[in-house]
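Here's the letter readout for the chains.
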Amino acid sequence: MRTALTIAGSDSCAGAGIQADLKTFYAHGVYGMSVITAVTAQNTKGVIGIENISADMVEKQLDAIFTDIKVDAVKVGMLSNRDIIKSVSRKLKKYSPDNIVLDPVMVSKSGHTLLGPDAKDILLKELLPLCTIVTPNIPEAEVITGVTINSINDMKKSCKVIFEMGAKMILIKGGHLSTDPVDILFDGKGFKYFIGKRIHTKNTHGTGCTLSSAIASNLAKGYSVEKSIVKAKEYITIAIQNSLSIGKGIGPTNHFYSIYKKCNMLKEIGEFKNEC
Ligand SMILES: Nc1ncnc2c1ncn2[C@@H]1O[C@H](COP(=O)(O)OP(=O)(O)OP(=O)(O)O)[C@@H](O)[C@H]1O
Ligand SMILES: Cc1ncc(CO)c(N)n1
């Protein structure tokens, strides 16, 4: 079985973070593992508290996994501070896994800061160049580049700036656009567009985490970056279409329905046994 590792924060209501990533890995038939960087007390309404794990303990978790198990893909999510970013970068440099998806988590959907204000520079300098692909949403791309995004052209401009910063591939996600969401991929040569239909729901807690861990799952299974994004978009779309109105705020996406739908789809094309 292929394996994937998430390096991210815990979300107590399990819509985002480590919990969303592990659900996504499981749904893709990939063996999921986790390195926890922070524990958040969080629900659909917001973040009540954050306690960071020490950089030393983050390193120990990484050593525990990489000295024992082959990791086919890594997804990196919430990294709260400089020390944790340095530790993760050092260990990823050392163990050099084939596929690294960086979701540069900065602010939760409910508006809480998840990355320290002094940590952005080191994230871009140390970690960004090690990654196969980075997947900022629009506000994150704006913070990274200083370019305000109001249009597809602005998204393309930002992709180029992030490429110049040392990223190999950039996927700017369009969930925050007011139009239908368009995600844009840039590999330094050309652009690819992943065009979605906007699903009208308030329940989009954890969409970014789910998309990046779905991309990592597909990379772990050997798909190309582009194919991994196409398949991840199918997964997130079903998960948002069936998202859950639990809690009083921004509810989570629905992985169960995605597995169910996926299995049915695979049954129809005769791949049921291999994938589910
Ligand atoms: N309402 C929606 N309808 C259809 N697709 C959506 C919708 N919202 C987001 N998406 C898609 O979900 C994926 C995640 O994008 P989004 O911009 O929401 O990430 P994010 O802001 O990082 O999420 P989060 O911070 O909650 O983890 C993208 O592929 C985006 O196009
Ligand atoms: C732990 C965690 N990671 C990422 C996000 C993304 O919004 C979140 N809300 N919580």
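Residues numbered from 1 in each chain as written. Chains lettered and ligands numbered in written order. Predicted model: local features only at pLDDT ≥ 70, side-chain atom pairs only at ≥ 80, totals over all residues. Heavy atoms only, no water.

As recorded in an unreviewed UniProt entry, the chain goes by Hydroxymethylpyrimidine/phosphomethylpyrimidine kinase and comes from Alkalithermobacter thermoalcaliphilus JW-YL-7 = DSM 7308.

Turning to helix H6 (residues 152-164), a few remarks are in order. Between its terminal C-alpha atoms H6 stretches 19 Å, which fits the 18 Å expected from 13 residues at 1.5 Å a residue. The set of residues buried in H6 consists of Asp 154, Met 155, Ser 158, Cys 159 and Ile 162. What you see down the axis of H6 is that its buried residues fit within an arc of 145°, all on one side. Facing away from the buried side of H6, by more than 90 degrees, are the exposed residues Asn 153 and Glu 164. On the buried face of H6, the contacting elements are strand S6 (133-134), helix H5 (138-145), strand S7 (170-172), strand S8 (182-186) and strand S9 (191-195). Downstream of H6 by a residue or two, Gly 166 has a phi angle that is positive, lying close to 120°. (Helix = DSSP H or I, 4+ residues; strand = E, 2+ residues; numbered from the N terminus. Expected span 1.5 Å × (residues − 1). Buried < 20%, exposed > 50% of the residue type's maximum accessible area, 1.4 Å probe, protein only. Arc of directions from axis to C-beta. Contact = heavy atoms within 4.5 Å.)

Let us look at the site of ligand 2. Taken together, Gly 9, Ser 10, Ala 16, Gly 17, Gln 42, Met 78, Val 105, Ser 108, Leu 114 and Cys 209 form the complete shell of residues around ligand 2. Here Gln 42 contributes a side-chain N or O atom positioned 2.8 Å from a nitrogen atom of ligand 2. Look at ligand 2: alone it shows 290 Å² of surface, and the protein chains cover 93% of it. For the shell around ligand 2, the per-class residue count stands at five nonpolar, five polar and no charged. (Near = heavy atom within 4 Å. Polar contact = N/O pair within 3.5 Å; in protein donor to acceptor, adjacent residues only side chain to side chain. Areas by Shrake-Rupley, 256 points an atom, 1.4 Å probe, with all protein chains shown as cover. Nonpolar A, V, L, I, M, F, W, Y, C, P; charged D, E, K, R; others polar.)

Around ligand 1, 19 residues are found, and the nearest of them are Lys 173, His 176, Asp 183, Ile 199 and Thr 207. Taking Asn 137, its side chain carries an N or O atom lying 2.9 Å from an oxygen atom of ligand 1. One of the side-chain N or O atoms of His 176 is found 2.8 Å from an oxygen atom in ligand 1. Protein coverage of the free-state accessible area of ligand 1, which is 630 Å², stands at 95%. At the level of secondary structure, the elements contributing two or more residues to the shell around ligand 1 comprise helix H7 (207-220) and helix H8 (225-241).

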